[in-house]
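# Architecture at a glance
Given next are the chains, with one letter for each unit.
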Amino acid sequence: MAYFSAKHSPQECNYDIYDKELLAIIKALEEWQPELEGSQSQFEIITDHKNLATFATSKQLNARQARWAEFLSQFDFRIVYRPGTLNSRADALSRRPQDTPKDTTDSRIHSRFKALIDPSKFSTDFLSTDFLSTLSLYTLDLSQHIDDLITASYAKSPIIQAMLDCLTNSRQWSPALRSRLRLSFAECQIIGGRIYHRGRLVIPPDDPDIQFQIVYRTHTSSPAGHPGRDKTLDLVSRYYWWPGVSHTVGEFISGCLPCDKSKVKRNLPQGLLKPINVPFEPWQDISVDYITPLPVCARRGLQFQHIAVVVDRLTKLRHFIPTETLEAEELARRFINQVYTLYGTPQSIISDQGS
Ligand SMILES: [Zn+2]
């Protein structure tokens, strides 16, 4: 009677389960190789792992399995299956609590517990929190009833608390509230601990989360489903008010993916790009643009402020013409004097029309 047990090395922990099972056999055979190799009769390997049958089918072996296959060919054995319930002694030995990895300091876990790409491989700004914060997803918690959310929002909103205080103890808003809210004091009233303005519930202005919750729930759950901006605003405004409600709704709709996907494009299809014709003769096709504004330059009693640049599109020869104004009249006059007199009438003039 002999006994042998071994622990997986950190590398062996990464093997898939079939290889781990087969590895147990390999290790046992290595241990008793001298006794088993020269055995006169066939010996039995008893295992509780039916999965080993997968090695009975032909398949592409990896380098490790090919090495094992060669090793196994030296032995004359038969694999016998015995269910785990009948194999309790071996099971008990392989499941000793003191053999399982305790924490990440164990070498078997430690080699797996690491960053796939070393942080030093990234440029410094890549991992900065600024960058990562732009990647955070905004997810709404829809598990709670909107009424509970509003109650919680009321409790933690300093503005709402100040409003409640004014409405109970004063005859008007405090100056700070007046400048922030633009809400008629006389038309506000407290019902059941909440503020209503013309019958609409006032939502804490300083809590964008609750505002988003309301817009989201209204926009996505209406019977029509994802109504447009005006309709959503109408639905929200029937029951709720907060400063900038239409802005919040507009912002939400513009970011709503289902709406964006299903939106019908109403503008004309974009035209094709029309490349500028290739010029064939010098000074037949020219372009005109201004360099402006420039510091005033006084010459011959004139105040020049801009430079008109006339470029021949073929030769790229250019004339820089100082001008006093950007008026068409002056440009025409100077163009005639300094370009037309030299090269005659061009076939085409390209300009950005002052934009
Ligand atoms: Zn939508």
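Structure: see above.
Remember, it's a predicted structure, so these values are computed and weren't measured experimentally.

### Remarks on unusual backbone geometry
Backbone torsion omega between threonine 292 and proline 293 reads -10°, so that peptide bond is classified as cis. In this structure, proline 293 sits in the loop between β7 (285-291) and β8 (297-299). The phi torsion at histidine 226 lies on the positive side, around 50°, for a residue other than glycine. With respect to the element layout, histidine 226 can be found in the loop between α10 (208-221) and α11 (229-239). Take histidine 226: there are 17 C-beta atoms within 10 Å of it, and that puts it in the partly exposed class.

### Describing the pairing of strand β1 (residues 43-47)
One ladder, built from five bridges, connects β1 with strand β2 (residues 77-81); its direction is parallel. Across the sheet, residue glutamate 44 finds its bridge partner in β2, namely arginine 78.

### Describing the sheet that holds strand β6 (residues 240-241)
Spatial strand order, β3-β4-β5-β6: four strands in an open sheet with mixed pairing. Each having just a single partner strand, β3 (188-191) and β6 make up the two edges of the open sheet. Judged from the four bridges that link them, β3 and strand β4 (residues 194-197) form a sheet pairing that is antiparallel. When the sheet's bridge partners are listed, cysteine 188 is paired in β4 with histidine 197.

### Remarks on the packing of α10 against helix α12 (residues 245-254)
Two elements in contact, α10 and α12, have axes whose closest approach is 10 Å; the angle formed by their N-to-C orientations is 60°. Classified by the angle between their axes, α10 and α12 sit oblique to one another. Crossing geometry of α10 relative to α12 is assigned as right-handed. Taking contact as the criterion, the partners of Gln211, Phe212, Val215, Tyr216 and His219 in α10 are, on α12, Thr248, Val249 and Phe252. Of the residues that constitute the contact of α10 with α12, the class distribution is five nonpolar, three polar and no charged.

### Let's talk about the nonpolar core
Residues Ile203, Ile214, Val215, Val236, Tyr240 and Val249 are the most contacted members of the largest nonpolar core, which totals 16 residues. Elements represented by at least two residues in this core include exactly α8 (158-169), α10, α11 and α12. When neighbours within four sequence positions are excluded, isoleucine 203 is seen to be in contact with Ile210, Gln211, Ile214, Tyr240, Trp241 and Trp242. One finds Trp283, Ile286, Ala308 and Ile321 within the second-largest nonpolar core, a separate group that totals seven residues.

### Description of the sheet that holds strand β12 (residues 348-351)
Think of a sheet as strands paired side by side through backbone hydrogen bonds, with each pair either parallel or antiparallel. Read from one edge to the other, the open sheet built from four strands follows the order β11-β10-β7-β12, with strand pairing classed as mixed. Both outer strands of the open sheet, β11 (318-323) and β12, are each paired with one neighbouring strand and no more. Strand-to-strand, the axes of this sheet are offset by a mean angle of 25°, without reference to chain direction. By the bridge criterion, four bridges tie β7 to β12 in an arrangement that is parallel. Bridging from a neighbouring strand, aspartate 285 pairs with serine 348 of β12. Docked against the sheet, helix α14 (residues 328-343) engages β10 (306-312) and β11, running at close to 135° with respect to β11.

### Here's the deal with α12
Within the sequence span of α12, burial applies to Val249, Phe252 and Ile253. All buried residues of α12 fall inside an arc of 95° around its axis, so they share one side. Opposite its buried face, α12 presents the exposed residues His247 and Ser254, each directed more than 90 degrees away. Where the residues of α12 are buried, they touch α10, α11 and α13 (257-262).

Rules used in this analysis
Residues numbered from 1 in each chain as written. Predicted model: local features only at pLDDT ≥ 70, side-chain atom pairs only at ≥ 80, totals over all residues. Helix = DSSP H or I, 4+ residues; strand = E, 2+ residues; numbered from the N terminus. Buried ≥ 20, exposed ≤ 12 C-beta atoms within 10 Å, placed from the backbone. Pairing = 2+ DSSP bridges. Axes fitted to C-alpha atoms, helices over the stretch in contact; angles between N-to-C directions. Parallel < 35°, antiparallel > 145°, perpendicular 65-115°, else oblique. Left-handed = near helix turned anticlockwise from the far one by under 90°. Contact = placed C-beta atoms within 7 Å. Nonpolar A, V, L, I, M, F, W, Y, C, P; charged D, E, K, R; others polar. Core = buried A, V, L, I, M, F, W, Y, C linked by C-beta atoms within 7 Å. Arc of directions from axis to C-beta.

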